[in-house]
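Summary of the model geometry
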Amino acid sequence: MIKLKTVEEINKIRESCSLLAETHEALGKLIQEGITTKELDTFAYNYIINHGGKPAFLDYMGYPATLCTSINDVIIHGIPGKEKLKNGDIVSLDLGINLKGFFSDSAVTHIVGQGTAEDEQLVKVTKECLYFGIEQAKAGNRIHDISRAVYRHAKKYGYGVVKDFCGHGVGFAPHEAPQIPNYVGAGPNPRIKEGMVLAIEPMINAGTDDVKILPDGWTVKTLDKKKSAHWEHTVAIFRDHTEILTISH
Ligand code: MF3
Ligand code: CO
């Protein structure tokens with residue numbers, strides 16, 4: 001069941017999303033060669049707690065950290081640890097916050113130091129996929145309009161579009177209905193309505209869309225070891241406009 005949100009509820013979700021955007025901004029300043037993903041995770045944990053929030057992913061379905069830190073051929077759910085960022089790495093930071101019971105979700109991909117032109121394109125096009133998706137996320141459209149926009153843009157560049165993981169509703173919990181695939185499949189295709197709060201999150205691979213999950217049960221990698229990028233925003237649907245919530249307010 002898709003849980004629609006009132007304007008008052010969206011106001012609370014916006015506060016959670018603002019804190020998330022602020023946390024991402026602060027994390028972005030720490031991105032440099034030599035920092036470990038665990039150090040980023042600890043920073044995010046403290047920042048969120050100090051601002052009255054709780055990390056939404058920590059202990060969610062057993063996930064062991066605040067952030068997902070996914071480097072290079074890791075698509076999503078990389079677990080922070082001792083690994084140091086290196087020049088030219090691409091690292092996605094995915095973060096969810098629970099602020100007073102209202103949930104936000106957003107991911108960004110950073111390039112560490114100097115990236116190759118190829119990697120810069122992958123990161124840029126993945127972000128464009130997110131924005132093309134958001135453009136279709138409006139009352140009266142359907143979820144597959146988002147999916148199609150993301151997919152088509154990625155395919156112009158011959159990229160692999162990850163099918164095994166989706167965007168989703170968010171706000172009262174880290175994951176809610178509906179699922180938002182990044183391709184048009186046979187699944188449900190609900191109408192987008194006023195009051196929906198959606199996390200749209202293209203996961204785009206330089207090569208194949210095939211994935212493998214590591215024995216830790218979380219880390220999702222590309223099967224061909226080529227790089228992958230990930231961008232995500234939480235957006236709210238109003239009758240006549242859509243608002244990106246996970247930006248600084
Ligand atoms: N951010 C991911 C998503 O958007 C999930 C993070 S990891 C988990 O769906 F622990 F929460 F599963
Ligand atoms: Co998400």
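Calculation rules
- Residues numbered from 1 in each chain as written.
- Chains lettered and ligands numbered in written order.
- Predicted model: local features only at pLDDT ≥ 70, side-chain atom pairs only at ≥ 80, totals over all residues.
- Heavy atoms only, no water.
- Buried < 20%, exposed > 50% of the residue type's maximum accessible area, 1.4 Å probe, protein only.
- Helix = DSSP H or I, 4+ residues; strand = E, 2+ residues; numbered from the N terminus.
- Pairing = 2+ DSSP bridges.
- Near = heavy atom within 4 Å.
- Polar contact = N/O pair within 3.5 Å; in protein donor to acceptor, adjacent residues only side chain to side chain.
- Areas by Shrake-Rupley, 256 points an atom, 1.4 Å probe, with all protein chains shown as cover.
- 1 Å grid on protein atoms, 1.4 Å probe; cavity = no way out; pocket = protein on both sides within 12 Å on 5 of 7 lines; lining within 4 Å.
- Sits in = over half its atoms within 2 Å of the grid points.
- Nonpolar A, V, L, I, M, F, W, Y, C, P; charged D, E, K, R; others polar.
- Axes fitted to C-alpha atoms, helices over the stretch in contact; angles between N-to-C directions.
- Contact = heavy atoms within 4.5 Å.

For strand β14 (residues 233-237), a buried count of five out of five residues is recorded, marking the element as mostly surrounded by other parts of the structure. Here β14 shows a buried face lined by His233, Val235 and Ile237 and a second buried face lined by Thr234 and Ala236. Bridging between β14 and strand β15 (residues 242-244) involves three bridges; their strand directions are antiparallel. The residue of β15 that forms the bridge with Ala236 is Glu243. Where β14 folds back on β15, the antiparallel hairpin that results is connected by four residues.

Before going further, it helps to examine the site of ligand 1. Lining the immediate environment of ligand 1, one finds Phe57, Tyr60, Tyr63, Cys68, His77, Asp94, Asp105, His168, His175, Glu201, Trp218 and Glu232. Residue His168 places a side-chain N or O atom 3.2 Å away from an oxygen atom belonging to ligand 1. One nitrogen or oxygen atom from the side chain of His175 is found 2.5 Å from an oxygen atom belonging to ligand 1. Coverage of ligand 1 by the protein chains reaches 95% of its 330 Å² of free accessible surface. Judged by its atoms lying within 2 Å of the grid points, ligand 1 is housed in the largest pocket. Among the residues making up the shell around ligand 1, the classes are represented as five nonpolar, three polar and four charged.

Attention now goes to the environment of Met1. Inspection of the secondary structure assignment puts Met1 in the segment before α1 (7-30). By relative accessible area, which is 80% here, Met1 ends up exposed. Once the C-alpha coordinates of Met1 and Ala177 are considered, the two residues, 176 residues apart in sequence, prove to be 6.1 Å apart.

Pairing is antiparallel across the open sheet formed by five strands, whose spatial order is β8-β7-β9-β14-β15. With partners counted over all chains shown, the strands left at the sheet margins are β8 (176-180) and β15, one partner each. Shown here is a sheet whose adjacent strand axes are inclined to one another by a mean of 25°, direction ignored. Against the sheet, helix α4 (residues 143-156) makes contact with β8 and β9 (197-200), and its axis sits at roughly 40° relative to β8, the strand it touches most.

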